[in-house]
Amino acid sequence: MNIVAFLGSPRVEGNSDILLREALKAAEDTADDVLVFRLNSMNIMPCQNCGGCDKTGVCVINDDMQEISRAIREADRVILSSPVFFFGLSAQSKIMIDRCQSFWCEKYLLKKTIPSGPKGRKGLLMLVGGMKKEVGIQCSEVTAKAFFRTISVPDHETISFLGVDAKGEIRNHPTALYDAFDAAKRLIT
Ligand SMILES: Cc1cc2nc3c(=O)[nH]c(=O)nc-3n(C[C@H](O)[C@H](O)[C@H](O)COP(=O)(O)O)c2cc1C
């Protein structure tokens, strides 16, 4: 099974990172291949809406998104772990998602979906917000849902934690690490 995971936080050892590491522990024994993309340290230009992918479904920009696109194509499971920034996904997450416009063209204009393997394609979204306002989760969720459906991931589960702000504070949450591990177990089995 191929698992592709995206970290949308700029903080190494931050809350989203800790959740992702915990989730990937669940995959250690079962996964054939786990690819983790730490988006903050990658060279990914924002989508230019140049129309370059309209007729081909292939982005014309040559940067690290090419590697991500290849990984998405081969993924059985996709994980996105992101903080809530300004009531939505982090810029790091959103830039990567916007660049999936090429998949959108492939799917909705060229009418091709990414074929799934025998285990289907599924997703997991993990969100952390420092405030206690649900709207940040709701806005992030709708964007992530559009992302998952665009890359032909028909189902995903979301787990989210609010009121977790300081770096690493998620470790003090009574259930978060278990929740991440359990959600990943459900994802891969
Ligand atoms: C630029 C910025 C914007 C933020 N906006 C929100 C927000 O709208 N809602 C919220 O709940 N938390 C917000 N936060 C707090 C983060 O979600 C919180 O610190 C989170 O724990 C960061 O996760 P990380 O350690 O994985 O980066 C914001 C933080 C930053 C730096």
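Up top is the structure these notes are about.
About the criteria used
Residues numbered from 1 in each chain as written. Predicted model: local features only at pLDDT ≥ 70, side-chain atom pairs only at ≥ 80, totals over all residues. Heavy atoms only, no water. Patch = residues over 30% accessible without salt bridge, like charges linked within 9 Å, V, L, I, M, F, W, Y side chains within 5 Å. Areas by Shrake-Rupley, 256 points an atom, 1.4 Å probe, with all protein chains shown as cover. Salt bridge = Lys/Arg side-chain N within 4 Å of Asp/Glu carboxyl O. Helix = DSSP H or I, 4+ residues; strand = E, 2+ residues; numbered from the N terminus. Contact = heavy atoms within 4.5 Å. Core = buried A, V, L, I, M, F, W, Y, C linked by side-chain atoms within 4.5 Å. Buried < 20%, exposed > 50% of the residue type's maximum accessible area, 1.4 Å probe, protein only. Pairing = 2+ DSSP bridges. Axes fitted to C-alpha atoms, helices over the stretch in contact; angles between N-to-C directions. Parallel < 35°, antiparallel > 145°, perpendicular 65-115°, else oblique. Left-handed = near helix turned anticlockwise from the far one by under 90°. Near = heavy atom within 4 Å. Polar contact = N/O pair within 3.5 Å; in protein donor to acceptor, adjacent residues only side chain to side chain. Nonpolar A, V, L, I, M, F, W, Y, C, P; charged D, E, K, R; others polar.

Engineer: Can you help me understand a nonpolar patch on the surface in this one?
Structural biologist: Residues Phe87, Met131 and Val135 make up a contiguous nonpolar surface patch of roughly 250 Å² in combined accessible area. Tracing the chain through its elements places phenylalanine 87 in the loop between β3 (77-85) and β4 (88-89).

Engineer: Honestly, the environment of phenylalanine 85 in this entry has me stumped. Any pointers?
Structural biologist: Structurally, the position occupied by phenylalanine 85 is in strand β3. Residues phenylalanine 85 and serine 9 lie 76 residues apart in sequence; the distance between their C-alpha atoms is 9.6 Å. Other than its neighbours up to four places away in sequence, phenylalanine 85 contacts Pro10, Ser90 and Gln92.

Engineer: Would you explain the nonpolar core in this entry?
Structural biologist: Generally speaking, a soluble globular protein has its nonpolar side chains buried in company with each other. Counting residues in hydrophobic clusters, the biggest one holds 28 residues, and the most contacted among them are Phe6, Ile68, Ile72, Met96 and Phe147. Every element with two or more residues in this core is listed here: β1 (2-7), α2 (65-74), β3, α3 (91-98), β5 (122-129) and α5 (134-150). Look past the residues within four positions of isoleucine 72 in its chain and what remains in contact with it is Phe6, Cys100, Phe103, Ile114, Arg121, Phe147 and Ile151. Formed by 26 residues, the second largest nonpolar core is a distinct cluster that contains Ala5, Leu20, Ile170 and Ala184.

Engineer: Can you help me understand the pairing of β5 in this one?
Structural biologist: Most of β5 is tucked away: 7 of the 8 residues are buried. Alignment of β3 against β5, held across 7 bridges, turns out to be parallel. Across the sheet, the residue bridging to serine 82 is leucine 127, located in β5. The pairing of β5 with strand β6 (residues 155-162) spans 8 bridges and is parallel.

Engineer: Would you take a moment to explain the pattern of salt bridges for this structure?
Structural biologist: Side chains carrying opposite charge are able to pair once their charged atoms draw close together. For the coordinates displayed, the defined rule picks out 9 salt bridges. In this structure, a network of salt bridges that share partners links the residues Glu13, Asp17, Arg21, Arg38 and Arg171.

Engineer: Whenever I open this one, the packing of helix α1 (residues 15-27) against helix α6 (residues 176-188) confuses me. Can you help?
Structural biologist: Packed helix pairs are specified by the crossing angle of their axes together with the interaxial distance, meaning the distance between the axes. Where α1 meets α6, the axes come as close as 8 Å, and the angle between the chain directions of the two elements is 45 degrees. Considered as vectors, α1 and α6 are oriented oblique to each other. As α1 runs across α6, the sense of the crossing is right-handed. Of α6, the residues touching α1 (which contributes Ile18, Leu19, Glu22, Ala23, Lys25, Ala26 and Ala27) are Ala176, Leu177, Ala180, Phe181, Ala184, Lys185 and Ile188.

Engineer: Whenever I open this one, the environment of phenylalanine 147 confuses me. Can you help?
Structural biologist: Within the element layout of this structure, phenylalanine 147 appears in helix α5. In sequence terms phenylalanine 147 and methionine 96 are 51 residues apart; their C-alpha atoms lie 9.6 Å from each other. Ignoring anything within four residues of it in the chain, the contact list for phenylalanine 147 reads Phe6, Ile72, Val78, Met96, Ile97 and Cys100.

Engineer: I keep staring at the site of the ligand and nothing clicks. Help me out?
Structural biologist: Close to the ligand lie 16 residues; Ser9, Ser16, Phe87, Val164 and Asp165 are nearest. Within the backbone of asparagine 15, a nitrogen or oxygen atom sits 2.8 Å from an oxygen atom of the ligand. When the ligand sits alone it has 640 Å² of accessible area, and the protein chains cover 80% of it. When contributions to the shell around the ligand are tallied by element, the ones reaching two or more residues are α1, β3 and β5. In terms of residues, the shell around the ligand owes the most to one element, β3, which gives 3 residues. Broken down by class, the residue content of the shell around the ligand amounts to 8 nonpolar, 6 polar and 2 charged.

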